[in-house]
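Below, each chain spelled out in residue letters.
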Amino acid sequence: RMSWFGEAVDATLERKGLPPSLRYLPLIESGYRPGAVSRARAVGLWQFMEPTARGFGMGVTPLLDERRNPFKSTEAATDFLQQLRGQFGSWFLALAAYNSGPYRVQRLLETHAPLVPPSDSLFWALRRHLPRETQDYIPKLFAAALVAEDPEAHGFEVPSDTLSFTFDEVVVPDATTLDVVADAAGVTLADIQRLNPEIVRGMTPPGRETILRVPAGQGWYFRERYALI
């Protein structure tokens, strides 16, 4: 799945001047699954909670959950990470805040290190005071990077044939069901669902047009067929 979205993540990180190693964050957050849902109800590649997602402009409704949109969520996550890095002055503290919440990390600093300049070493000094999941978060990121850079050396077989996430964009009217889109595009419903994971009930929202993705090369075919429906 990383091959589907890695290029978009890399391009966003480069455009914003963020460390390229952050490409492995969705690997430990969600396994690069747009539909991943945690026990705490965090959703998507970057595991956004609903209030945070709304704060970064993503819609969350019964029909449309843009936390599952790999492109919008990547844009929001990189903005959030950039914001946390500016707030805490350290990437390790910023990542701890991304995982456990900025208020928790801020309280921890105020309680245990109010006069200490921010640094990555400060994360290690205060690590034992963080929740267990956050204690393991940065070691997991290091591990994911090491394994992903040379998977075969760590006993993983690199897939030789993976599905692509290339697509054409089409505009559909409100309350359009995905099975109709699939029929008009000449592809399977599973193809349309995979390309549009943010459509969570099989139908686009009422009251407005929606941009959907169809497999690359099928956009023209969809427009011709859909006009006949």
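The structure displayed is predicted, hence computed values, not measured ones.

What counts as what
Residues numbered from 1 in each chain as written. Predicted model: local features only at pLDDT ≥ 70, side-chain atom pairs only at ≥ 80, totals over all residues. Heavy atoms only, no water. Core = buried A, V, L, I, M, F, W, Y, C linked by side-chain atoms within 4.5 Å. Buried < 20%, exposed > 50% of the residue type's maximum accessible area, 1.4 Å probe, protein only. Helix = DSSP H or I, 4+ residues; strand = E, 2+ residues; numbered from the N terminus. Contact = heavy atoms within 4.5 Å. Salt bridge = Lys/Arg side-chain N within 4 Å of Asp/Glu carboxyl O. 1 Å grid on protein atoms, 1.4 Å probe; cavity = no way out; pocket = protein on both sides within 12 Å on 5 of 7 lines; lining within 4 Å. Points joined across faces, edges and corners; volume = space filled by probe spheres on them. Nonpolar A, V, L, I, M, F, W, Y, C, P; charged D, E, K, R; others polar. Arc of directions from axis to C-beta. Expected span 1.5 Å × (residues − 1).

Visitor: Give a description of the nonpolar core that names residues and reports values.
Guide: By size, the foremost hydrophobic cluster in this structure holds 45 residues, and its most contacted members are Leu-25, Trp-46, Phe-48, Leu-81, Leu-95 and Tyr-98. Looking at this core, the elements with two or more residues in it are α1 (2-15), α4 (70-88), α5 (91-100), α6 (102-112), α7 (120-126) and α9 (137-149). For this core, the element with the most residues is α5, which contributes eight residues. The residues contacting Leu-95, other than those within four sequence positions of it, are Leu-22, Leu-25, Leu-81, Tyr-137, Ile-138 and Leu-141. Counting residues in each nonpolar core, the second largest holds 14 residues, with Val-172, Ala-182, Ile-192 and Val-214 among its members.

Visitor: Go over the pattern of salt bridges with me, naming the residues and quoting the values.
Guide: One pass over the structure, following the stated rule, counts twelve salt bridges. Close ionic contact of Asp-65 with Arg-68 constitutes a salt bridge, the shortest N to O distance being 3.9 Å. Taking the relative accessible area as the measure of exposure, Asp-65 reaches 6% and is therefore buried. In this structure, the salt-bridge partner of Arg-132 is Asp-136, at a minimum N-O distance of 3.3 Å. Look at Asp-136 and you get partly exposed, because its relative accessible area is 25%. Among the charged side chains, a salt-bridge network with shared partners connects Arg-15, Lys-16, Glu-75 and Asp-79.

Visitor: How would you explain the layout of surface pockets if you had to name every residue and give the values?
Guide: If you add up the space inside the largest pocket, you get close to 860 Å³. Around the largest pocket, the lining comprises 33 residues; the ones closest to its centre are Ala-42, Gln-47, Tyr-98, Asn-99 and Glu-133. Taken together, the elements giving at least two residues each to the lining of the largest pocket come down to α2 (25-30), α4, α5, α6, α8 (132-135) and α9. Classifying every residue of the lining of the largest pocket by side-chain character gives 17 nonpolar, ten polar and six charged.

Visitor: Could you give me a rundown of empty space enclosed by the protein, with the residues and numbers involved?
Guide: Counted by the stated rule, this structure contains one cavity of 30 Å³ or more. The calculated volume of the largest cavity comes to roughly 40 Å³. Leu-93, Ala-96, Val-105, Leu-108, Leu-109, Phe-123, Leu-126 and Leu-130 together form the lining of the largest cavity. The set of elements that each furnish at least two residues to the lining of the largest cavity consists of α5, α6 and α7. No other element matches the three residues that α6 contributes to the lining of the largest cavity. Residues that form the lining of the largest cavity fall into these classes: eight nonpolar, no polar and no charged.

Visitor: How would you explain unusual backbone geometry if you had to name every residue and give the values?
Guide: Note: most peptide bonds trans; most residues except glycine with negative phi. Backbone geometry places Arg-41, a non-glycine residue, at a positive phi of 75°. Looking at where Arg-41 falls in the secondary structure, it is placed in the loop between α2 and α3 (50-55). Residue class for Arg-41 comes out exposed when judged on its relative accessible area of 59%. The phi dihedral of Ala-175 is positive, around 55°, even though this residue is not glycine. Mapped onto the secondary structure, Ala-175 falls in the loop between β1 (167-172) and α10 (178-185).

Visitor: Describe α10, with residues and values.
Guide: What sets the pattern is the α-helix's 3.6 residues per turn: residues three or four places apart point alike. Of all the positions in α10, only Leu-178, Val-181, Ala-182, Ala-184 and Ala-185 are classed as buried. For α10, the buried positions fall inside an angular range of 165° around the axis, keeping them on one side. Close packing links the buried residues of α10 with β1, α11 (189-195), β2 (210-215) and α12 (219-226). The first or second residue beyond α10 is Gly-186, which carries a positive phi of 70°.

Visitor: Talk me through α1; I want residue IDs and the actual numbers.
Guide: Its 14 residues place the ends of α1 19 Å apart at the C-alpha level, agreeing with the 20 Å of an ideal helix rising 1.5 Å per residue. Listed in full, the buried residues belonging to α1 are Met-2, Trp-4, Phe-5, Gly-6, Val-9, Thr-12 and Leu-13. Projected onto a plane normal to the axis of α1, the buried residues spread over an arc of 155° and lie on a single side. Structural note: α1 exposes Glu-7, Glu-14 and Arg-15 on the side pointing more than 90 degrees away from its buried face. Where α1 is buried, its residues touch α2, α4 and α11. Looking one or two residues beyond α1, the residue adopting positive phi is Gly-17, at roughly 70°.

No statement about biological role is implied by the geometric values presented.
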